[in-house]
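# Working through the structure, step by step
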Amino acid sequence: MEGMAVGIIGAGLAGLRMAAELRERGESGAITVWDAEGRAPYDRPPLSKELFGQFIHPLSADGLGDIAELGVAVVPRAASAIRPAEGGWRVDGADSPVFVEHLVIATGAAPRATIPGARVLYTADDAAVLRELIVPGAKVHIVGAGWIGTEIASAAAGRGAAVEVWEATAHILERTFHGAVDSLWKEWFAAAGVALHLGEMYETTDRPDVLVQATGARPNLTLVTASPDIPACELSARGALVTDLHGRVYTTAGHPIAGLYAVGDCADVRLPDGSMMVGGHWTGVLGNTARAAAALTGTQRPRFLDPPEVFSTQFGHEIALVGVIPDIREPRRADTQAGFTLRWESGQQESGGTLQALLAVDSPRELSRARRELRRALGAN
Ligand SMILES: Cc1cc2nc3c(=O)[nH]c(=O)nc-3n(C[C@H](O)[C@H](O)[C@H](O)COP(=O)(O)OP(=O)(O)OC[C@H]3O[C@@H](n4cnc5c(N)ncnc54)[C@H](O)[C@@H]3O)c2cc1C
């Protein structure tokens, strides 16, 4: 087979998009994908949003790539270790070692699971278990009022469960909004009959039928930790591999590691101005993988850097945040056709400054306008 040999570890959104981008960009060489979950790549957001509906959405159904049609070899198990080898990388974990020229780590994240007896929601199997357990009338305790905790609360309340949420910080979705949306979500919680314990660690003598821990996920670097022969890699504040815009992984001494790339939730991207684009969200993966594939194939990279974006569906609302909320500054609220927006701007002008972030609730038009306003031109390769 002509072309280069590429290994991709992980078959989530990032692993799949990486393989698809390589093929779309004309790469005809051998691509091997290691898949620890052993099921056709599926989308994670529906696991919480459609917990009681059709929660398994194959990514192929959304035109994001069909692993069976990309002409890749899939190893249906976890890669156990990687190490530099002559002209590339060696990957262990199949029946015999596989050698590739370029290796892409796309191992995603793993949910924090520290509360004894608590369930988590990260995989399709987790969703299947929760769906069985959360029945009408069930007493459901959720620890964590982040995106996934609030989505599970919404879905479980909609199912007729008796839901209580504990959040250790003083705010709902504190890491994203720093307290700016508490009154909004409190209203939605109250209307859905969800009890909220804000600023409280989980502690109760009341035994729930289902206990769910939704206190965030960490980049999954088990493979890197299990690979002592690779150079020490630079990690970001949240413990992700630091890459440049091309997806290249760096040593702690600041040198790119030849032939080693990382994309998706296991990576954070250092931008040319030194700031960090933090991973962990769906839309970021698309840009990540397109840029890494462009670097690998020497093809044109995307012209724009899209702003960070988080989307959610809960309590009957379509919610999206684009951009990064700068600080505790109060947002400006504006009503839209079917919902409203909150805008965070820099500058103090009465008439409004430069947009930094926009929360759109049931406001798709305003969302796409903000997306365009916040994207940055990347220039030539
Ligand atoms: C319930 C839920 C809801 C979400 N909702 C939203 C949302 O509304 N909006 C949003 O922006 N984002 C959301 N996300 C986050 C979004 O799904 C992720 O950003 C996206 O899945 C990242 O893709 P990934 O491929 O990097 O990682 P993952 O999806 O984690 O995939 C990584 C894959 O690699 C596999 N793997 C790990 N180690 C190995 C190994 N050694 N060998 C082989 N395979 C390995 C894993 O098993 C996994 O299948 C949600 C996540 C969850 C769990």
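Before going into details, it helps to say that this report is about the structure given with it. Every residue gets a number counted from 1 within its own chain, in the order that chain's sequence is written. Where local features are concerned, this predicted model is filtered to residues with pLDDT of at least 70; where side-chain atom pairs are given and counted, the filter is 80 or more; whole-chain, interface and lining totals use all residues. Only hydrogens and water are removed before side-chain values are computed, so all heavy atoms of the structure are retained for them.

## With respect to helix H4 (residues 147-158)
An ideal rise of 1.5 Å per residue puts 16 Å on 12 residues; H4 measures up with 17 Å between its terminal C-alpha atoms. Between buried and exposed lies partly exposed: a residue is buried under 20% and exposed over 50% of the maximum accessible area for its type, with that area taken using a 1.4 Å probe on protein chains only. Helix and strand definitions follow DSSP, with helices as H or I runs of at least four residues and strands as E runs of at least two, each counted in order from the N terminus. Where burial is concerned, most of H4 is hidden: 10 out of the 12 residues are buried. Here H4 has its buried residues at Trp147, Gly149, Thr150, Glu151, Ile152, Ala153, Ser154, Ala155, Ala156 and Ala157. Gly160 lies just past H4 and shows a positive phi near 95°. Here the expected span of a helix is defined as 1.5 Å times the quantity of residues minus one.

## Quick notes on the site of the ligand
The local shell around the ligand holds 29 residues, among which Glu37, Arg44, Lys49, Tyr122 and Phe311 are the closest. In this structure, Tyr122 approaches the ligand through a side-chain N or O atom, which is 2.5 Å from an oxygen atom. Computed with a 1.4 Å probe, the accessible areas rest on the Shrake-Rupley method; for each residue, only the protein chains presented here act as cover. Notes on the ligand: free accessible area 1,000 Å², of which the protein chains cover 92%. At the level of secondary structure, the elements contributing two or more residues to the shell around the ligand comprise helix H1 (13-24), helix H2 (45-49) and H4. For the shell around the ligand, the element with the highest residue contribution is H2, accounting for 3 residues. Mapped onto the domain boundaries, the shell around the ligand takes at least three residues apiece from domain 1 (6-110 + 218-302) and domain 2 (113-215). When at least one non-hydrogen atom of a residue lies within 4 Å of a molecule or strand, that residue is treated as near it. Two N or O atoms count as a polar contact when they lie within 3.5 Å, although within protein this holds only if one can serve as hydrogen donor and the other as acceptor, and sequence-adjacent residues are included solely when both atoms are side-chain atoms. All the domain ranges listed were derived from an automatic or database domain assignment.

## Details of the packing of aromatic side chains
Centre distance within 6.5 Å is the pairing criterion for rings of Phe, Tyr and Trp, where only the six-membered ring of Trp is used; planes under 30 degrees apart are then read as stacked, over 60 as edge-to-face, and the remainder as tilted. For the structure shown, the criterion picks out 9 aromatic pairs. Between Trp147 and Trp185, the aromatic rings sit 6.1 Å apart at their centres with planes inclined by 80°, giving edge-to-face as the arrangement. Taken together, the positions of Trp147 in helix H4 and Trp185 in helix H6 (residues 182-192) put the pair 38 residues apart, joining distant regions of the chain. Classification of Trp147 by relative accessible area gives buried; the value is 13%. Residue classification places Trp185 among the buried residues on the basis of a relative accessible area of 0%. For the ring pair Phe189 and Phe315, a centre distance of 5.5 Å and an interplane angle of 50° mean the geometry is tilted. Taken together, the residues Phe189 in helix H6 and Phe315 in the loop between strand E20 (309-314) and strand E21 (317-323) connect sequence positions 126 residues apart. Residue classification places Phe315 among the buried positions, given a relative accessible area of 15%.

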